[in-house]
Amino acid sequence: MINEERLIDLFLSLCNINSPALQEREIVDWVTGYLESQGLEVAEDDAGRRIGGNANNVISWLRGDPSLPKVFLSAHFDTVEPTAGLVIEEVEGVFRSASDTILGADDKGGMAPAIEALLSLKESGKPHGDVALLLSCAEEIGLKGAEALDIQSLGLDFGYVLDTGPPVGSFVTRTATHDKLDVKIVGKPAHAGKDPEHGINAIQVLSEAVHGMRLGRIGPETTANIGLIQGGTAVNVVCPFVTVRAEARSTDVKALEAQIDHMIRQFEEAAAAWGANVEIEHERHYEAYQIPEDSEVVAVAVEASKSLGFDPTLRVTLGGSDANVYNSKQTPCIVMATAMDKIHTHDEQISRQGLIDTARLALKVLEVAAERATRKKLEFV
């Protein structure tokens, strides 16, 4: 049984520590001290040095029976925006920010239940294998901490990343591949009043490229977006360059590659038509995963969810998480839903009961993982 008061106090304490990406030192120190005070093994890797941050990933262990599955729970330290000056209010059992910041429930609404699950398992005396707690840095800016984590060396069997929204009891077992485009269109400067005809306006080139570009919802599981545009030097100068950051996502790699090729062609053809130059960098941000329903990581999740009266829906999402990286490193995992809602906005919120339910489910998957392994052993006796 989880300690509800400890869970809520932990969540509020975490939220009150400002932890933007690459600046997580304060929260890493606090969490490390907290875990050590609870009798868990704690270590940091060297991710900060490798990714340009001031903190590292934290790996904490609750040791158990080596003959039982070695399972992990995971969450991330950083928030999508800084939370300095955060004031938290609770209205009718729902926590929100009463200040001009986000709440930070993404992903402290996953971290607090994950930590509480380990502590409750430790106190319960129930059998379990080694359980790892993986707390990553710099997730919000490209899964950088997870990329730097040497997860293969931990010898984990499978795990759960607590980093998506409700309903609690559901799980993400299939995600998209995500590609990024960094584009620079180089036109030609000229005085906008004296001789604009001698210039090539990069904004016009971009306008033509975007005019015929497929963006938004391309198909049921394919999307594309241009999210950031910067450029120009002065109002009285024909715009000599613009930089563009774009993306596309799809659960179908062929559909994704077709969309990316289409976007690149649009930029190249528009540049050629105007006599401009275009520089394009294409990067695969993360790979899709699809975890079979009959895999042990899913079977454990479904059994645990059902046993608590939840609906163990298996979901598809176009969003990414550390699970994409861990799966690409041959460590099977799925994403466990939490109660965080309206994330990445200043209306972000999470309910007290949702935190409790998430912690109950996180604890239950750890228990069920051991119970299923024990049952299988008995079948062969």
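Provided above is the structure to which this section pertains.
Residues numbered from 1 in each chain as written. Predicted model: local features only at pLDDT ≥ 70, side-chain atom pairs only at ≥ 80, totals over all residues. Heavy atoms only, no water.

1. Topic: the sheet that holds strand β9 (residues 177-186)
Cut-off, in case you're wondering: Any two strands with at least two DSSP-identified bridges between them are counted as paired. Runs of E in the DSSP output that reach at least two residues are strands. Runs of H or I that reach at least four are helices, and both are numbered from the N terminus. The convention used is that axes are lines fitted to C-alpha atoms, helices contributing only their stretch in contact, and that angles between N-to-C directions extend from 0 to 180 degrees.
With antiparallel pairing, the 5 strands of this open sheet are ordered in space as β10-β11-β12-β9-β13. Only two strands of the sheet have a single partner each, and these edge strands are β10 (216-219) and β13 (277-286). Sheet twist, expressed as the mean angle between neighbouring strand axes with direction ignored, is 20 degrees. Here 3 bridges tie β10 to strand β11 (residues 222-231), and the two strands are oriented antiparallel to one another. Bridging from a neighbouring strand, R217 pairs with T223 of β11.

2. As for the sheet that holds strand β16 (residues 349-351)
Spatial strand order, β4-β5-β16: 3 strands in an open sheet with antiparallel pairing. The outermost strands of the open sheet, each flanked by one partner alone, are β4 (88-91) and β16. Pairs of neighbouring strands in the sheet enclose a mean axial angle of 25 degrees, with direction left out of account. Bridging between strand β5 (residues 94-97) and β16 involves 3 bridges; their strand directions are antiparallel. Looking at the pairing, F95 lines up with I350 of β16.

3. Points about the environment of R63
What counts here: Only heavy atoms enter the contact rule, under which two residues are in contact if any of them lie within 4.5 Å. What qualifies as a polar contact is a pair of N or O atoms within 3.5 Å, subject to a donor-acceptor requirement within protein and to the restriction that residues adjacent in sequence count only when both atoms come from side chains.
Turning to its location among the elements, R63 is positioned in the loop between β2 (58-62) and β3 (71-76). For the pair R63 and D130, spaced 67 residues apart in sequence, the C-alpha to C-alpha distance is 4.4 Å. Setting aside its immediate chain neighbours within four residues, R63 contacts E41, H128, G129 and D130. Here E41 takes part through its side chain, which lies 3.2 Å from a polar atom of the side chain of R63.

4. Some details on the nonpolar core
Most often, soluble globular proteins have nonpolar side chains that are buried together. The condition is simple: Working definition of a nonpolar core: buried Ala, Val, Leu, Ile, Met, Phe, Trp, Tyr and Cys residues. They are joined through side-chain atoms within 4.5 Å. Any residue under 20% of the maximum accessible area for its type is buried, any over 50% is exposed, and the rest in between are partly exposed; the area is computed with a 1.4 Å probe on protein chains only.
Of all hydrophobic cores here, the largest spans 84 residues; its most connected members are L73, L134 and Y160. Looking at this core element by element, the count peaks at 10 residues for helix α10 (residues 352-379). Setting aside residues no more than four positions away along its own chain, L73 makes contact with A114, A117, L118, A132, L133, L134, Y160, L162, A362, V365 and L366. Within the second largest apolar cluster, 24 residues are counted, among which are A202, M213, A246 and A276.

5. Focus on the pattern of salt bridges
Our working definition: The salt bridge definition used is simple: a Lys or Arg side-chain nitrogen within 4 Å of an Asp or Glu carboxyl oxygen.
Under the definition given, this model contains 22 salt bridges. For R6, the salt bridge identified is with E123, shortest N-O distance 2.6 Å. With R6 in helix α1 (residues 4-15) and E123 in helix α4 (residues 105-124), the pair connects residues that are 117 residues apart, well separated along the chain. You can call R6 buried: its relative accessible area is 14%. Where R25 meets D29, a salt bridge forms, and the shortest distance between an N and an O atom there is 2.9 Å.

6. A few points about the packing of aromatic side chains
Applicable threshold: By convention, a stacked pair of Phe, Tyr or Trp rings (six-membered ring in the case of Trp) has centres within 6.5 Å and planes under 30 degrees apart, an edge-to-face pair has planes over 60 apart, and any other such pair is tilted.
By the definition in use, this model includes 4 aromatic pairs. Centre to centre, the rings of W30 and Y34 are 5.3 Å apart; their planes meet at 10 degrees, and the pair counts as stacked. With a gap of 4 residues between them, W30 and Y34 both fall in helix α2 (residues 25-37), about one helical turn apart. Judged by its relative accessible area of 32%, W30 is partly exposed. Residue classification places Y34 among the buried residues on the basis of a relative accessible area of 16%. Ring centres of F72 and Y326 lie 5.8 Å apart, and the angle between their planes is 90 degrees; this geometry places the pair in the edge-to-face category. One end of the pair, F72, is in strand β3; the other, Y326, is in helix α9 (residues 322-328), and 254 residues separate them in sequence.

7. Some remarks on helix α7 (residues 253-274)
What counts, and what does not: Helix span, expected: 1.5 Å multiplied by one less than the number of residues in the helix.
When the terminal C-alpha atoms of α7 are compared, their 32 Å separation across 22 residues agrees well with the 32 Å that a helix rising 1.5 Å per residue should span. Tucked into the core, α7 has its buried residues touching β9, α6 (202-211), β10, β11, β12 (241-250) and β13. For α7, the capping residue at the N-terminal end is D252, with a side-chain oxygen 2.9 Å from the backbone nitrogen of K254. Of the residues trailing α7, G275 is marked for its positive phi of about 75 degrees.

8. Here's the deal with unusual backbone geometry
With an omega dihedral of 20 degrees, the bond running from D106 to D107 counts as a cis peptide bond. Structurally, the position occupied by D107 is in helix α4. Along the chain, P166 connects to P167 via a cis peptide bond; the corresponding omega equals 10 degrees. Mapping P167 onto the fold places it in the loop between β7 (158-164) and β8 (171-175). The backbone phi angle of L143 is positive, close to 60 degrees, even though this residue is not glycine. Structurally, L143 can be placed in the loop between β6 (131-136) and α5 (144-148). On the basis of relative accessibility, which here comes to 3%, the residue L143 falls in the buried class. The backbone phi angle of K342 is positive, close to 55 degrees, even though this residue is not glycine. Here K342 lies in the loop between β15 (333-337) and β16.

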